[in-house]
Amino acid sequence: SSLLGDNAYDVVNLNLLTEAIPEDVDAMIMLAPSVDITNEQSEKISTWLKNDGDYGKTFMYVPFDFIESDENINLLLEQWGMKVQKGYIYENDLTLSLSGSSTPQLTSIVNYADETFTEDLKSTALPVIMPYSMGVEILDEKVAGPMLTSSDTADLMILTKNDEEPTFEKSNGTALNYAAVGKKGNSDLSKASYMVVW
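Below, the structure is looked at part by part. Small disclaimer: the values here were computed from a predicted structure and weren't measured.

**Topic: helix H3 (residues 71-79)**
In step 1: Restricting attention to buried positions, one finds in H3 the residues Asn72, Ile73, Asn74, Leu76 and Leu77.
In step 2: Check the buried side of H3 and you find it contacts strand E1 (27-31), helix H2 (39-50), strand E2 (58-62), strand E3 (82-90) and strand E11 (192-197).
In step 3: Two residues or fewer past H3, Gly81 is found with a positive phi of approximately 80 degrees.

**Overview of the nonpolar core**
The tendency in soluble globular proteins is for nonpolar side chains to be buried side by side.
In step 1: Of all hydrophobic cores here, the largest spans 27 residues; its most connected members are Met30, Ile45, Phe59, Tyr61, Met82, Met195 and Val197.
In step 2: Counting residues in each nonpolar core, the second largest holds twelve residues, with Met130, Met147, Leu148 and Leu176 among its members.

**Side note on the pairing of E11**
In step 1: Burial within E11 is extensive, with five of its six residues counted as buried.
In step 2: With four bridges joining them, E2 and E11 adopt parallel strand pairing. For Thr58, the partnering residue across the bridge sits in E11 and is Tyr194.
In step 3: Across six bridges, the pairing between strand E10 (residues 177-185) and E11 is antiparallel. Within E11, the residue paired with Gly185 across the bridge is Ala192.
In step 4: Here E10 folds back onto E11 in antiparallel fashion, the turn holding six residues, of which Leu189 has a positive phi close to 60 degrees.

**Details of the packing of aromatic side chains**
In step 1: One pass over the structure, following the stated rule, counts two aromatic pairs.
In step 2: Arranged with centres 5.5 Å apart and planes meeting at 80 degrees, the rings of Tyr88 and Tyr132 form a pair that is edge-to-face. Taken together, the positions of Tyr88 in strand E3 and Tyr132 in the loop between strand E5 (128-131) and strand E6 (134-138) put the pair 44 residues apart, joining distant regions of the chain.
In step 3: Judged by relative accessible area, Tyr88 falls into the buried class, the value being 8%.
In step 4: By relative accessible area, which is 39% here, Tyr132 ends up partly exposed.

**Let's talk about the environment of Tyr132**
In step 1: Considering only alpha carbons, one finds Tyr132 and Leu106, 26 residues apart in sequence, at a separation of 5.3 Å.
In step 2: Here the side chain of Tyr132 touches Thr103 through a polar contact of 2.8 Å, side chain to side chain.

**Comments concerning the sheet that holds E6**
In step 1: Read across the open sheet, the four strands follow the order E6-E3-E8-E9; overall the sheet is antiparallel. The sheet is open, and its two borders are formed by E6 and strand E9 (167-170), each paired with just one other strand. The mean inter-strand angle of the sheet, taken between neighbouring strand axes irrespective of direction, is 50 degrees.

**Concerning a nonpolar patch on the surface**
In step 1: On the surface, Leu4, Tyr9, Val11, Ile29 and Leu31 cluster together into a nonpolar patch covering about 490 Å² of accessible area.
In step 2: Under the relative-accessibility criterion, Ile29 is labelled partly exposed at 46%.

**Notes on the sheet that holds E5**
In step 1: If you walk across this open sheet you meet the seven strands as E1-E2-E11-E10-E7-E4-E5, and the pairing is mixed. Two strands close off the open sheet at either side, each with one partner strand: E1 and E5. Averaged over neighbouring strand pairs, the angle between their axes works out to 25 degrees when direction is ignored.
In step 2: Against the sheet, H2 makes contact with E1, E2 and E11, and its axis sits at roughly 140 degrees relative to E2, the strand it touches most.
In step 3: Running over the sheet, H3 touches E1, E2, E10 and E11 and is turned about 130 degrees from E11.

Rules behind the numbers
Here the residue index of a chain counts from 1 through its sequence in written order. Totals for whole chains, interfaces and linings use all residues, but because this is a predicted model, local features are given only for residues with pLDDT of at least 70 and pairs of side-chain atoms are given and counted only at 80 or more. No hydrogens and no water enter the side-chain calculation; it runs on all heavy atoms of the structure. Per-residue accessibility, obtained with a 1.4 Å probe over protein chains only, is compared with the maximum for each type, and a residue is labelled buried under 20%, exposed over 50%, and partly exposed between these values. For the purposes of this entry, the term helix denotes a DSSP run of H or I that reaches at least four residues, the term strand denotes a run of E that reaches at least two, and both are numbered from the N terminus. The contact criterion used is simple: two residues touch if any of their non-hydrogen atoms lie within 4.5 Å. To define a nonpolar core, start from buried Ala, Val, Leu, Ile, Met, Phe, Trp, Tyr and Cys residues and group those joined through side-chain atoms within 4.5 Å. Pairing between strands is defined by DSSP: at least two bridges between the two strands are required. What counts as a ring pair is set by centres within 6.5 Å for rings of Phe, Tyr and Trp (its six-membered ring), and what kind of pair is set by the plane angle: stacked under 30 degrees, edge-to-face over 60, tilted for all other angles. A 3.5 Å cut-off defines polar contacts: any pair of N or O atoms within that distance qualifies, except that in protein one atom must be a possible hydrogen donor and the other a possible acceptor, and neighbouring residues in sequence count only when both atoms are side-chain atoms. Angular values range over 0 to 180 degrees, each being the angle between N-to-C directions of two axes fitted as lines to C-alpha atoms, with helices fitted over their stretch in contact. Exposure above 30% relative accessible area and no salt bridge define the residues that can form patches, which grow by joining like charges within 9 Å and nonpolar side chains of Val, Leu, Ile, Met, Phe, Trp and Tyr within 5 Å. Under the convention used here, a 1.4 Å probe and the Shrake-Rupley method define accessible areas, while residue burial counts only the protein chains that appear. Every case where a carboxyl oxygen of Asp or Glu lies within 4 Å of a side-chain nitrogen of Lys or Arg is listed as a salt bridge.

So, in structure tokens, the structure goes:
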């Protein structure tokens, strides 16, 4: 909140259980909720994103790795062509792993996947580093696409309890997504809202 405020954003905290989403809110961040959203909260978010057909809203979701139930948030994400995978991206390309880290394969330099989101950057040479990131699976390529990706040699390390050995899903030569975005709007997408999963 302080960082956003220091960069000229007006920031408000919102309780989706008890409050309506104000019309003038342009972007919302749900940061690592430890419990699932309700059907009513999901409907509030969907209605706000549609914005009476004017769209123009952005919802950013950062999942919590050990949430006990995330059924409703995943149903919402699936409507936007994505779902969160139950594992960390494990980067096998050592040129992208952060060698000074205690877990170098879980803290990695990531690749930009879509120039749409980098066109206003001064340079794309500055690295983005992502630690302990859950993968985001694209379910519908007509609605969603990747923003930040791994190498095509990364695997998904399945989350387990502390006393269990981790297991891996092989990516089989396909890059995994650190972040993805879904886009919905009017028929020609001249008006659109975005769902970002980070």
